[in-house]
Amino acid sequence: MSGIMQGKRGLIMGVANNHSIAWGISKALAAQGAELAFTYQGEALGRRVKPLAAELNSDFIIPCDVEDIASVDAVFAAIGERWGKLDFVVHAIGFSDKNELKGLYADTTRDNFSRTMVISCFSFTEIAKRAAALMDENGAMLTLTYGGSSRVIPNYNVMGVAKAALEASVRYLAADYGPKGIRVNAISAGPVRTLAGAGISDARAIYSWNQKNSPLRRTATIEDLGGSALYLLSDLSRGVTGEIHYVDAGYNITSLPTLDRLRN
Ligand code: NAD
């Protein structure tokens with residue numbers, strides 16, 4: 001197969017099923033010739049990820065729970081052993097207790113604050129450090145964020161705080177690894193119906209509000225996200241780093257709802 005990712009090998013972290021954003025990204029990368037490895041969180045998800053990886057001609061799947069740093073180390077040891085180097089990594093991992101993805105942000109508990117931060121934010125820094133050690137000057141890293149980082153979205157609560165920290169991490173990591181020629185970027189996705197998305201209270205209402213009020217009058221699909229990820233992970237974006245790139249059908253530029261909604 002030929003394509004703009006031909007000869008590149010990358011690690012995809014965060015496929016849970018065929019609705020996952022990481023799956024949309026994987027399909028776009030594989031269609032352009034990338035060779036992929038996948039992590040999965042726990043055996044139940046592993047049973048779903050294995051056939052999906054096989055669809056993209058990969059048998060390289062590795063367990064990883066980012067709360068257990070030994071399992072993160074084992075992933076990069078396996079990559080080093082099998083491939084020797086890594087061209088890109090996708091971090092599409094997020095978690096918070098769904099009991100706190102509703103109601104007041106002020107009611108967030110200390111335990112869930114720490115856990116959300118470690119899984120949804122700090123894991124990217126730990127992964128970036130290990131990935132960079134296997135990358136040459138054309139390496140690229142990508143994480144996924146959401147507009148609830150900078151504006152208040154009902155019920156997003158502590159995840160918004162974690163995403164703000166994740167976006168700041170993207171900038172600091174871009175500065176750390178830029179001198180090596182390694183790029184670090186994020187996609188800020190509009191709402192997508194996924195397992196993680198469903199954990200947020202009133203997710204359906206937020207999804208439909210975005211559909212009605214974004215300039216494109218729809219939400220971004222995992223295929224849209226795949227196209228933008230392909231750009232950010234390929235040499236096409238070789239001058240881009242530290243960027244938070246919105247892929248949300250334009251929702252982030254809106255202020256008031258559409259005029260037809262204001263009038264009715
Ligand atoms: P998803 O449920 O398909 O994927 C989330 C992934 O995180 C799963 O694969 C899960 O196994 C993994 N994960 C959670 N805790 C983990 C842990 N301790 N160790 C390892 N993996 C762990 O949902 P998704 O919506 O595709 O989420 C991917 C990313 O996109 C997340 O960072 C999410 O915050 C972000 N995002 C989602 C939306 C949306 O509306 N769905 C919008 C913007 C950003």
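Refer to the preceding data block for the structure.
Treat the numbers as computed from the prediction; the structure is a model and nothing was measured.

### Here's the deal with the overall build of the protein chain
(1) Moving on: Counting secondary structure elements, the protein chain contains nine helices and seven strands.
(2) Moving on: Over its C-alpha atoms, taken along the principal directions, the protein chain stretches across nearly 60 × 40 × 40 Å.
(3) Moving on: The proportion of buried residues among the 264 residues of the protein chain is 45%.
(4) Moving on: Long-range pairs, those at least 24 residues apart, make up 74% of the contacts in the protein chain between residues at least 6 apart in sequence.

### Overview of the site of the ligand
(1) Moving on: Close contacts around the ligand come from 27 residues, with Ser-20, Gly-94, Leu-195, Ala-196 and Gly-197 the closest.
(2) Moving on: A per-class count over the shell around the ligand returns 18 nonpolar, seven polar and two charged.

### With respect to the sheet that holds strand β3 (residues 61-63)
(1) Moving on: Overall, parallel pairing links the seven strands, which are arranged β3-β2-β1-β4-β5-β6-β7 in an open sheet. The outermost strands of the open sheet, each flanked by one partner alone, are β3 and β7 (244-247). Recorded for the sheet is a direction-independent mean angle of 20 degrees between the axes of neighbouring strands.
(2) Moving on: Direction of pairing for strand β1 (residues 9-13) relative to strand β2 (residues 35-40): parallel, over a ladder of five bridges. Counted as the bridge partner of Ile-12 is Phe-38 from β2.

About the cut-offs
- Every chain begins its residue count from 1, and numbering advances along the sequence as written.
- Per-residue local features of the predicted model are confined to residues with pLDDT of at least 70, and side-chain atom pairs are confined, for both listing and counting, to 80 or more; whole-chain, interface and lining totals are unaffected and use all residues.
- Strands here are runs of E lasting at least two residues and helices are runs of H or I lasting at least four, both read from the DSSP assignment and numbered beginning at the N terminus.
- Any residue surrounded by 20 or more other C-beta atoms within 10 Å of its C-beta is treated as buried, while 12 or fewer makes it exposed and the intermediate range makes it partly exposed; C-beta atoms here are placed from the backbone.
- Once C-beta atoms have been placed from the backbone, residue pairs whose C-beta atoms lie within 7 Å are recorded as contacts.
- Near, for a residue, is defined by distance from a backbone-placed C-beta atom to a molecule or strand, with 6 Å as the limit that must not be exceeded.
- Residue polarity is assigned by list, with Asp, Glu, Lys and Arg as charged and Ala, Val, Leu, Ile, Met, Phe, Trp, Tyr, Cys and Pro as nonpolar; anything else, Gly included, falls into the polar class.
- In this description, strands pair whenever DSSP reports at least two bridges between them.
- Here the axes come from fitting lines to C-alpha atoms, over the contacting stretch only for helices, and the angles between their N-to-C directions go from 0 to 180 degrees.

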